[in-house]
Amino acid sequence: MTDGAVIASFLEATVRIATPLAMAALGETVTQRSGVINVGVEGAMLSGALASAMAGAGTHSAFAGFMAGALAGAAVAAVFAMFVLVTRGDQIVVGTAITLGATGATGAIYRAAFGQAGAALTLPTVAPAGIPILSAIPVIGHALFRQPVPTYLLYAIAPALWWFLMRTQPGLAVRAAGESPHAAQAAGIRVNRLRWLAIVFGGAMAGFAGATLVLAQAGTFAERMTAGRGFIAIAIVVLGRWNPLGVALAALVFGAASALQFALQALGYAVPYQFFLMAPYVVSLLALGGVGGRARAPEALGKAW
Amino acid sequence: MTDFLLASLVRATPLLIVGLAVALAFRAGIWNIGAEGQFYAGAVVATWLGTRLGASSPLVFVLLVPASAALAGALWAGVPALLRARFGVLEVITTIMLNFIAEYLVSFLVHGPLQEAGKTYPQSDPVADAARLGPLVEGARLTWALPFAVLLAVAVWIMLTRTRPGFALRAAGANPEAARVSGRIRVLRVTTVAFLASGAIAGLAGAAEVSGVTFALYERLSPGYGYTAIAVALLARLHPLGVIASALAFGALEAGAAALQRSWGIPSVTVYAVEALVILLIVAAERRVRRADD
């Protein structure tokens, strides 16, 4: 491969890997802006992945698969919301339980539905779709404009969420619920109802991200296939400083860290593959250490009120 | 039946030790979800010493392995502890990140520097005979680690309830702001030490597993002990002596799940769903207790 081709494929992999991360992180951004940290986002993503595989295999429709993924993620997040908002359990404890439960449940359901060995699934996958003219731009053309549809959705969702949170009245209410729930309530904002919506939205985005992994990337489901991407999404939220545009950029950083694997292999560097698999987590730690000190989380994040 | 009982106790041993690690951290208000990684840190060190040290006296191993494994666990917890103390980074995320890093590191080690001499299987050589813990029951993999773990639970309980550092730890965990303004408790220092101690205990569990049960290191050595331990600690309501009982309960649950998988084909991952349910039920029950208190 020529150097130019290596760079182009590195960028293409960066955007591809960043897509589900950004999707889940943008959802979690809204959740956290409302004052709730949902560590169960990993579980919502995994559930979305399985639901999209089952719906996709059943209906042969990728669209149905994506919808099922988003629905499953929303449903899992609704369970989290119930235990956090109604039962007022600790957010970390409940979120951990949700992820644990989703790991067990998806494993059991998958084996019950597809057998011990996990019969080869025939899923309706979505292939990369090139946008005419734009995808012909050298170097970055394929990376940005020859991707599966979910990537293009992000180009709309990230700025839309920024506009919603920063420029609209309901967005202000969400931020108020996350900064100072008591003051928000006194101002007539129904904090718990907003948090419900923010949590379920975050779950739907995570579920959609899981569906993207299955239907646009792996082409199949495997147990624990999210492999911590939900947790990385939470690190991305911090790195992006709870700002949807920053979060989208931060997701690219993580995509690049993972994509290095392909670039270095193409250039003939022999590094044990485990170190590549480790890379996004190491980058998370470095990023959190570097940014964590300066980024300011929503004041009421993680606290019941 | 005896087999099932022994299998339950073998499973309960790491759950008890790691459960104590989690309970200690949670008591201090530290969300250490990283016991899994700290467990692996201890397991790696125990394997390294057990396969490479070349000493023939069990005494060397008895002294060296637990101390080194505890240190490794504390160091592995030290990264998130430092990030938390220095930069205020949420330990929930960093500890989970380090779990994944630990798993990949183990994978690398058993494919590389620590791989068995034949270079065929992704696992380490067995540890030397002198590095193995003696069995409590002939023929079973139940070792002295279990009574040690029970003693450890008692020690943690005494420390928490009967000593000044224990009081400081509970105060810092229950209400850090009040502890700080009291002027007598250095909250950051107390919580950081608790974090490191939690890691050290989890590291000990890793060493006990390698030295007493598996005798070798391989991928997925831990079937998620670090995560199950969270359920164990919460079921005990973070009480060190309660952890003994809940570890036995979960040990039986996991041994039962393994048996069910063998004879009925029910996947053992289902156990995670049961554990999640237990945690959520505890959360709901505590809500009712709180209401009754009002």
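Residues numbered from 1 in each chain as written. Chains lettered and ligands numbered in written order. Predicted model: local features only at pLDDT ≥ 70, side-chain atom pairs only at ≥ 80, totals over all residues. Heavy atoms only, no water.

**Quick notes on the overall build of chain B**
Looking only at helices and strands, chain B features 11 helices and 0 strands. Secondary structure elements of chain B, listed N to C terminal, follow the sequence α-α-α-α-α-α-α-α-α-α-α. Overall, chain B is about 60 × 45 × 30 Å in size when its C-alpha atoms are taken along their principal axes. Evaluated residue by residue, chain B yields a buried proportion of 52% over its 294 residues. Counting contacts in chain B only where the partners sit at least 6 residues apart, residues at least 24 apart contribute 74% of the total. Accessible surface computed for chain B: about 12900 Å², of which carbon and sulfur atoms make up 66%. (Helix = DSSP H or I, 4+ residues; strand = E, 2+ residues; numbered from the N terminus. Buried < 20%, exposed > 50% of the residue type's maximum accessible area, 1.4 Å probe, protein only. Contact = heavy atoms within 4.5 Å. Areas by Shrake-Rupley, 256 points an atom, 1.4 Å probe, with all protein chains shown as cover.)

**Regarding the pattern of salt bridges**
Residue and element names in this part refer to chain A. Scanning all chains against the criterion turns up 7 salt bridges over all chains. Glu 223 is the salt-bridge partner of Arg 111, the closest N and O atoms lying 2.7 Å from each other. Taken together, the positions of Arg 111 in helix α4 (residues 91-114) and Glu 223 in the loop between α9 (191-218) and α10 (229-239) put the pair 112 residues apart, joining distant regions of the chain. Glu 223 sits in the partly exposed class, given a relative accessible area of 27%. (Salt bridge = Lys/Arg side-chain N within 4 Å of Asp/Glu carboxyl O.)

**Let's talk about the side chain of Ser 258 of chain A**
Among the secondary structure elements, Ser 258 of chain A is positioned in helix α11 (residues 244-266). Here Ser 258 of chain A falls in the buried class, since its relative accessible area comes to 14%.

**Comments concerning the nonpolar core**
Core analysis: the largest hydrophobic core is formed by 180 residues, its most contacted members being Phe 221 and Ile 236 of chain A together with Leu 16 of chain B. If we skip the residues at most four places from it in the chain, Phe 221 of chain A touches Leu 46, Ala 49, Leu 50, Ala 53, Thr 106, Tyr 110, Leu 121 and Val 214 of chain A. Residues Ala 173, Ala 184, Ile 189 and Leu 194 of chain A belong to the second largest nonpolar core, which totals 8 residues. (Core = buried A, V, L, I, M, F, W, Y, C linked by side-chain atoms within 4.5 Å.)

**A few points about empty space enclosed by the protein**
All names here are of chain B. Under the definition given, this model contains 1 cavity of 30 Å³ or more. Roughly 80 Å³ of internal volume is contained in the largest cavity. Where the lining of the largest cavity is concerned, the elements lending two or more residues are α1 (2-27), α5 (145-162) and α8 (187-214). When residues of the lining of the largest cavity are assigned to their parent elements, the largest contribution, 4 residues, is made by α8. Residues of the lining of the largest cavity, tallied by class, amount to 8 nonpolar, 2 polar and 2 charged. (1 Å grid on protein atoms, 1.4 Å probe; cavity = no way out; pocket = protein on both sides within 12 Å on 5 of 7 lines; lining within 4 Å. Points joined across faces, edges and corners; volume = space filled by probe spheres on them. Nonpolar A, V, L, I, M, F, W, Y, C, P; charged D, E, K, R; others polar.)

**Topic: the packing of aromatic side chains**
Pairs of aromatic rings are described using the distance from one ring centre to the other and the angle between the two planes. All told, the structure shown has 12 aromatic pairs over all chains when counted by the stated rule. Judged by centre distance (4.7 Å) and plane angle (65°), the ring pair of Phe 275 of chain A and Phe 108 of chain B falls under edge-to-face. Taken together, the residues span two chains, with Phe 275 of chain A in helix α12 (residues 273-292) and Phe 108 of chain B in helix α4 (residues 91-111). Classification of Phe 108 of chain B by relative accessible area gives buried; the value is 19%. (Phe/Tyr/Trp six-rings, centres within 6.5 Å; stacked < 30°, edge-to-face > 60°.)

**Looking at the interface of chain B and chain A**
Tallying the contact residues gives 39 residues for chain B and 45 residues for chain A. Both faces combined, the contact of chain B with chain A buries some 3600 Å², and carbon together with sulfur accounts for 81% of it. Taken together, the connections running from chain B to chain A amount to 0 salt bridges. Counting the contacts that link chain B with chain A gives 3 residue pairs in polar contact (both at pLDDT 80 or more). Of all the secondary structure elements, the ones that give two or more residues to the side of chain B that touches chain A are α3 (58-87), α4, α9 (225-235) and α11 (270-293) of chain B. No other element matches α4 of chain B, which puts 13 residues into the side of chain B that touches chain A. (Buried area = accessible area lost by both parts, 1.4 Å probe. Polar contact = N/O pair within 3.5 Å; in protein donor to acceptor, adjacent residues only side chain to side chain.)

**A closer look at the side chain of Asn 32 of chain B**
Residues and elements named next belong to chain B. Inspection of the secondary structure puts Asn 32 in the loop between α1 and α2 (35-52). Engagement of the side chain of Asn 32 in a polar contact is seen with the side chain of Gln 38, the distance being 3.0 Å. Side-chain polar atoms of Asn 32 contact the side chain of Ser 198, separated by 2.9 Å. Once residues lying within four places of it in the same chain are set aside, the contact partners of Asn 32 are Val 22, Ala 25, Phe 26, Gln 38, Thr 95, Phe 195 and Ser 198.

**Some details on α1 of chain B**
Residue pairs three or four apart in sequence face the same way in an α-helix, which turns once every 3.6 residues. All names here are of chain B. Between its first and last C-alpha, α1 extends 35 Å over 26 residues, near the 38 Å set by a 1.5 Å rise per residue. Roughly 30° is the biggest bend found in α1, and it falls at Ala 12, with proline Pro 14 one to four residues downstream. Positioned one or two residues after α1, Gly 29 has a phi angle of 80°, which is positive. (Expected span 1.5 Å × (residues − 1). Bend = angle between axes of the 7 residues up to and from the residue.)

**Some points on the packing of helix α6 (residues 164-174) of chain B against α8 of chain B**
All names here are of chain B. It is the contact of α6 with α8, at a shortest axis distance of 9 Å, that shows an interaxial angle of 105°. The angle between the axes of α6 and α8 places the two elements in the roughly perpendicular class. Residues Ala 168, Leu 169 and Ala 172 of α6 form the contact with α8, whose participating residues are Val 187, Val 190, Thr 191 and Ala 194. Of the residues contributing to the contact of α6 with α8, the split by class is 6 nonpolar, 1 polar and no charged. (Axes fitted to C-alpha atoms, helices over the stretch in contact; angles between N-to-C directions. Parallel < 35°, antiparallel > 145°, perpendicular 65-115°, else oblique.)

**Digging into the environment of Gln 274 of chain A**
Looking at where Gln 274 of chain A falls in the secondary structure, it is placed in helix α12. Each C-alpha atom, one on Gln 274 of chain A and one on Val 149 of chain A, is 30 Å from the other, the two residues being 125 residues apart in sequence. Looking at Gln 274 of chain A, its side chain comes within polar contact range of the side chain of Ser 107 of chain B, at 3.0 Å.

**Overview of α9 of chain B**
Residues and elements named next belong to chain B. For α9, the tally of buried residues reaches 10 of 11 residues, placing the bulk of the element in the interior. Inspection of α9 places Tyr 225, Gly 226, Tyr 227, Thr 228, Ala 229, Ile 230, Ala 231, Val 232, Ala 233 and Leu 234 among the buried residues, and these make up the whole buried set. Following α9 by one or two positions, Arg 237 has its phi on the positive side, about 50°.

**A closer look at the layout of surface pockets**
The space that makes up the second largest pocket amounts to roughly 960 Å³. Contributing to the lining of the second largest pocket are 41 residues, with Thr 103 and Arg 224 of chain A together with Glu 103, Arg 220 and Tyr 272 of chain B lying nearest its centre. Every element with two or more residues in the lining of the second largest pocket is listed here: α2 (41-59), α4 and α12 of chain A together with α2, α4, α10 (240-264) and α11 of chain B. Looking at which element gives the most residues to the lining of the second largest pocket, the answer is α4 of chain B, with 6 residues. Residues that form the lining of the second largest pocket fall into these classes: 20 nonpolar, 11 polar and 10 charged.

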